Amino acid sequence: MTREELEHIIRASGDITDQYEFVIVGSQSMLGPVPNPEAEFTMSMEADIYPLMAPELADRIDGAIGEGSQFHQNYGYYAQGVGPDTAMLPQDWMQRVHRVQNGNTNDRVGYCLDVIDLFLAKAVAGRDKDREFCMALFEHGYVTPAQVLELVPLMPVDDKEQRTLRATIRRWAKAVRDAGHDVSEG
């Protein structure tokens, strides 16, 4: 998915729900802070999105422009209507979002996660695809281990889960370094 395609999804979501502000979580939220990332970050053809002030309307988005819809068939990408609990995020994530708003969005607003918050949400989810995504964020220098480790205490998980998360982050950073990539600590 490209930044322009994400803008189209924001615009269409606004038309469907008559809402003004949307939150984009998941890998394609990266297109807010990094409009033109490397190809490996644009592989997904779906954007996870929900209306900020009316998350219950996400089902309408899913039904109208979701997977298998006419929109999906026409454009090759789609929206997945999700909820605020879809991604586990640090307590202050909303303070770091990146605003996507322009003529292509019909001046509707899409709030995309900061790359650090996206990393943490994926690290907590811990699926294979999330590990690969997070390691690629390290490889390309979008985040450093120190940056993400600093926010672990703000994650809504207990102490044991925080220790596990820290160990996972350190293990991934080591694997990226061992593969010959410079992973800055600072």
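Check the entry above for the structure.
Figured I'd write up the structure that's included with this text. (Residues numbered from 1 in each chain as written. Predicted model: local features only at pLDDT ≥ 70, side-chain atom pairs only at ≥ 80, totals over all residues. Heavy atoms only, no water.)

A count of helices and strands for the protein gives 7 helices and 5 strands. Taking all 186 residues of the protein together, 51% fall into the buried category. Considering only intrachain contacts with a sequence separation of at least 6, the fraction spanning at least 24 residues in the protein is 70%. Each charge class in the protein can be summarised by its mean position, and for the 17 positive and 30 negative side chains these summaries are 5 Å apart. (Helix = DSSP H or I, 4+ residues; strand = E, 2+ residues; numbered from the N terminus. Buried < 20%, exposed > 50% of the residue type's maximum accessible area, 1.4 Å probe, protein only. Contact = heavy atoms within 4.5 Å. Lys, Arg positive; Asp, Glu negative; His and termini not counted. Charge placed at Lys NZ, Arg CZ, Asp CG, Glu CD.)

The strands making up a sheet associate through backbone hydrogen bonding, with each pair oriented either parallel or antiparallel. What the 5 strands build is an open sheet, ordered β3-β2-β1-β5-β4; its pairing is mixed. Each end of this open sheet is capped by a strand with a single partner; those strands are β3 (78-81) and β4 (98-100). Going from strand to strand, the sheet's axes swing by 35 degrees on average, the running direction of each strand aside. Across 4 bridges, strand β1 (residues 21-25) lies against strand β5 (residues 109-112) in parallel orientation. Among the inter-strand pairings, Val 23 is bridged to a residue of β5, identified as Tyr 111. Of the strands in this sheet, β1, β2 (46-51) and β3 touch helix α2 (residues 58-65), which is tilted by about 150 degrees from β3. (Pairing = 2+ DSSP bridges. Axes fitted to C-alpha atoms, helices over the stretch in contact; angles between N-to-C directions.)

Our focus in this paragraph is the packing of helix α1 (residues 3-17) against α2. With their axes 9 Å apart at the nearest point, α1 and α2 run at an angle of 115 degrees to one another. Overall, the two elements α1 and α2 adopt an arrangement that is roughly perpendicular. Judged by the sense of rotation from one axis to the other, the crossing of α1 with α2 is right-handed. Contacts from Ile 9, Ala 12, Ser 13, Ile 16 and Thr 17 in α1 reach Arg 60, Ile 61, Ala 64 and Ile 65 in α2. (Parallel < 35°, antiparallel > 145°, perpendicular 65-115°, else oblique. Left-handed = near helix turned anticlockwise from the far one by under 90°.)

Bringing the pairing of β5 into the picture now. Both faces of β5 are covered, namely the face carrying Val 109 and Tyr 111 and the face carrying Gly 110 and Cys 112. Of the strand pairs in this sheet, β4 and β5 are connected by 3 bridges, and their pairing is antiparallel. Within the sheet, the bridge partner assigned to Val 100 lies in β5 and is Gly 110.

The final tally for this structure, using the stated rule, is 9 salt bridges. Where Asp 117 meets Arg 96, a salt bridge forms, and the shortest distance between an N and an O atom there is 2.6 Å. Residue Asp 117 is located in helix α4 (residues 115-125), and its partner Arg 96 is located in the loop between β3 and β4; the two are separated by 21 residues in the primary sequence. When sorted by exposure, Asp 117 lands in the same class as Arg 96, which is buried. Here Asp 130 and Lys 122 are joined by a salt bridge, their closest N and O atoms 2.9 Å apart. An identical accessibility class is assigned to Asp 130 and Lys 122; each is buried. Residues joined by salt bridges that share partners form a network here, namely Asp 15, Asp 18 and Arg 108. (Salt bridge = Lys/Arg side-chain N within 4 Å of Asp/Glu carboxyl O.)

Mapped onto the elements, Val 143 comes out in the loop between α5 (128-139) and α6 (145-151). Its relative accessible area of 2% is what places Val 143 among the buried residues. For the pair Val 143 and Val 115, spaced 28 residues apart in sequence, the C-alpha to C-alpha distance is 7.1 Å. Here Val 143 is in contact with Val 115, Ile 116, Phe 119, Leu 137, Phe 138 and Val 148, once residues within four sequence places are set aside.

Another aspect to go through is unusual backbone geometry. The general pattern is negative phi for most residues beyond glycine and trans for most peptide bonds. Even without glycine at this site, Asn 106 takes up a positive phi of about 60 degrees. Checked against the element boundaries, Asn 106 lands in the loop between β4 and β5. Phi at Asp 107 takes a positive value of approximately 60 degrees, unusual for a residue other than glycine. Here Asp 107 lies in the loop between β4 and β5.

The next thing to look at is the layout of surface pockets. Roughly 600 Å³ of internal volume is contained in the largest pocket. Ser 27, Lys 122, Arg 127, Lys 129 and Asp 130 are the residues nearest the centre of the largest pocket, which is lined by 26 residues in total. At the level of secondary structure, the elements contributing two or more residues to the lining of the largest pocket comprise β2, α4 and α5. The residue inventory of the lining of the largest pocket, partitioned by class, reads 12 nonpolar, 6 polar and 8 charged. (1 Å grid on protein atoms, 1.4 Å probe; cavity = no way out; pocket = protein on both sides within 12 Å on 5 of 7 lines; lining within 4 Å. Points joined across faces, edges and corners; volume = space filled by probe spheres on them. Nonpolar A, V, L, I, M, F, W, Y, C, P; charged D, E, K, R; others polar.)

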